[in-house]
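Report on the structure
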Amino acid sequence: GEILPYAELTELCKRYETTLLLDAAQSAGIIDFKVRDLDPDLMVFAGHKGMYGPTGIGGLYVKEGVHLAPFAVGGTGKDSGRHPMSGKMPSEFEVGTHNAIGIAGLAAGVKWLEENGVTKVRQHEMALTKRFIEGLEDVPGAHVYGTKDCDQKVAVVSCNFAGKDPKDVAAYLSEKHEVATRAGYHCSPLAHESIGTLPGPGTIRFGFGYFNTEDEVDQVLSHLKAMEAVGV
């Protein structure tokens, strides 16, 4: 959940003349930024997180002048009698029938964000995150990974509870209280190796969105406090 030092990483990439890919899965629609100001070589984002779109849709930004070579080509969908791709953006990477429903859903999410404002959404999400992190101080054995400074975070909190497997905690919250979390390695084994949870059970991750409430945060904290009593 930490906001990484992007400017420093950019400088390193320029110094060593390497390509920079910005993974904006947890920041697009969450942090107010402009791609032209950050100036990455490549950027990817997920539609179903901060963009409030459906699953199965996302985006790839390729800076002008950056060349990507597909591993396999053919069946372009635009001129299907030719083997090579068009060599033009964006058709170079838009093969076959587009996910029209996903694109429409993503467009609706972007429209909603524009109407409400990224700043307003972030303020609400971070208020919930702050409430959750502070509440964890009263949960026995709770350990939060990374910074607790909400100015340097997004609304994602990875944690563990002493003596408990994160998967057991996630199952308890889901099966007993209908609270959705994710336990394990979060498609990020290198990050888990760096914080010491791989090898190991990983962590349990909580994420808060604009449509969550303070009461829901308090309910989750209450369920976590009750774990010992119910034998989790």
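Okay, so let's go over this structure.

Calculation rules
- Residues numbered from 1 in each chain as written.
- Predicted model: local features only at pLDDT ≥ 70, side-chain atom pairs only at ≥ 80, totals over all residues.
- Heavy atoms only, no water.
- Helix = DSSP H or I, 4+ residues; strand = E, 2+ residues; numbered from the N terminus.
- Buried < 20%, exposed > 50% of the residue type's maximum accessible area, 1.4 Å probe, protein only.
- Contact = heavy atoms within 4.5 Å.
- Areas by Shrake-Rupley, 256 points an atom, 1.4 Å probe, with all protein chains shown as cover.
- Lys, Arg positive; Asp, Glu negative; His and termini not counted.
- Charge placed at Lys NZ, Arg CZ, Asp CG, Glu CD.
- Pairing = 2+ DSSP bridges.
- 1 Å grid on protein atoms, 1.4 Å probe; cavity = no way out; pocket = protein on both sides within 12 Å on 5 of 7 lines; lining within 4 Å.
- Points joined across faces, edges and corners; volume = space filled by probe spheres on them.
- Nonpolar A, V, L, I, M, F, W, Y, C, P; charged D, E, K, R; others polar.
- Core = buried A, V, L, I, M, F, W, Y, C linked by side-chain atoms within 4.5 Å.
- Axes fitted to C-alpha atoms, helices over the stretch in contact; angles between N-to-C directions.
- Parallel < 35°, antiparallel > 145°, perpendicular 65-115°, else oblique.
- Left-handed = near helix turned anticlockwise from the far one by under 90°.

With that settled, consider the overall build of the protein. Summing up its helical and strand segments, the protein has eight helices and seven strands in all. Viewed in the frame of its principal axes, the protein has a C-alpha envelope of about 65 × 40 × 35 Å. Relative to its full complement of 232 residues, the protein shows a buried share of 34%. Looking at the protein alone, contacts between residues at least 24 apart form 53% of all its contacts between residues at least 6 apart. Counting only carbon and sulfur atoms, one obtains 53% of the accessible surface of the protein, whose full area is about 14100 Å². Here the protein contributes 22 positively and 31 negatively charged side chains, and the mean placements of these two sets differ by 3 Å.

Okay, unusual backbone geometry next. Geometrically, the link from Leu198 to Pro199 is a cis peptide bond, its omega value of 0 degrees lying close to zero. Relative to the assigned elements, Pro199 resides in the loop between α6 (189–195) and β7 (203–207). Residue Glu178 is not a glycine yet carries a positive backbone phi of 55 degrees. Relative to the elements of secondary structure, Glu178 occurs in the loop between α5 (166–177) and β6 (182–184).

It is worth spelling out the pairing of strand β5 (residues 156–161) at this point. Counting buried residues in β5 gives six out of six residues, a clear majority hidden from the surface. Going residue by residue along β5, you find Val156, Ser158 and Asn160 tucked away on one face and Val157, Cys159 and Phe161 tucked away on the opposite face as well. When β5 meets β7, the two strands line up antiparallel, connected through four bridges. Directly across from Ser158, in β7, lies its bridge partner Arg205.

Right, let's get into the layout of surface pockets. Space left empty within the atom packing is revealed by a probe, the size of a water molecule, rolled over the atoms. As a volume, the largest pocket reaches approximately 1400 Å³. At the level of secondary structure, the elements contributing two or more residues to the lining of the largest pocket comprise α1 (6–15), β1 (21–23), β5, α6 and β7. Among the elements that line the lining of the largest pocket, the one with the most residues is α6, at four residues. A per-class count over the lining of the largest pocket returns 19 nonpolar, 10 polar and seven charged.

The next thing to look at is empty space enclosed by the protein. This structure, assessed with the given rule, holds one cavity of 30 Å³ or more. When its volume is computed, the largest cavity comes out at roughly 30 Å³. Forming the walls of the largest cavity are Val139, Pro140, Lys164, Leu224, Lys225, Met227 and Glu228. Sorting the residues of the lining of the largest cavity by element identifies α7 (214–225) and α8 (227–230) as the ones contributing at least two each.

When a protein is soluble and globular, its nonpolar side chains tend to lie buried together. The biggest cluster of nonpolar side chains holds 25 residues, and the ones touching the most others in it are Phe132, Leu136, Phe161, Phe206 and Leu224. The greatest single-element share of this core, amounting to five residues, is contributed by helix α4 (residues 118–136). Leaving out residues up to four positions away in the same chain, Phe206 has contacts with Phe132, Ala155, Val156, Val157, Cys159, Leu173, Thr181, Val220 and Leu224. In this structure, Tyr6, Leu20, Met43 and Val121 belong to the second largest nonpolar core, which totals 14 residues.

Interaxial distance between α4 and α7 falls to 10 Å at its minimum, and their mutual angle equals 20 degrees. Taken together, α4 and α7 sit at an angle that is classed as roughly parallel. Seen along the crossing, α4 lies across α7 with a hand that is right-handed. Within the contact between the two elements, α4 uses Leu128, Arg131, Phe132, Gly135 and Leu136 and α7 uses Glu214, Val217, Asp218, Val220, Leu221, Leu224 and Lys225.

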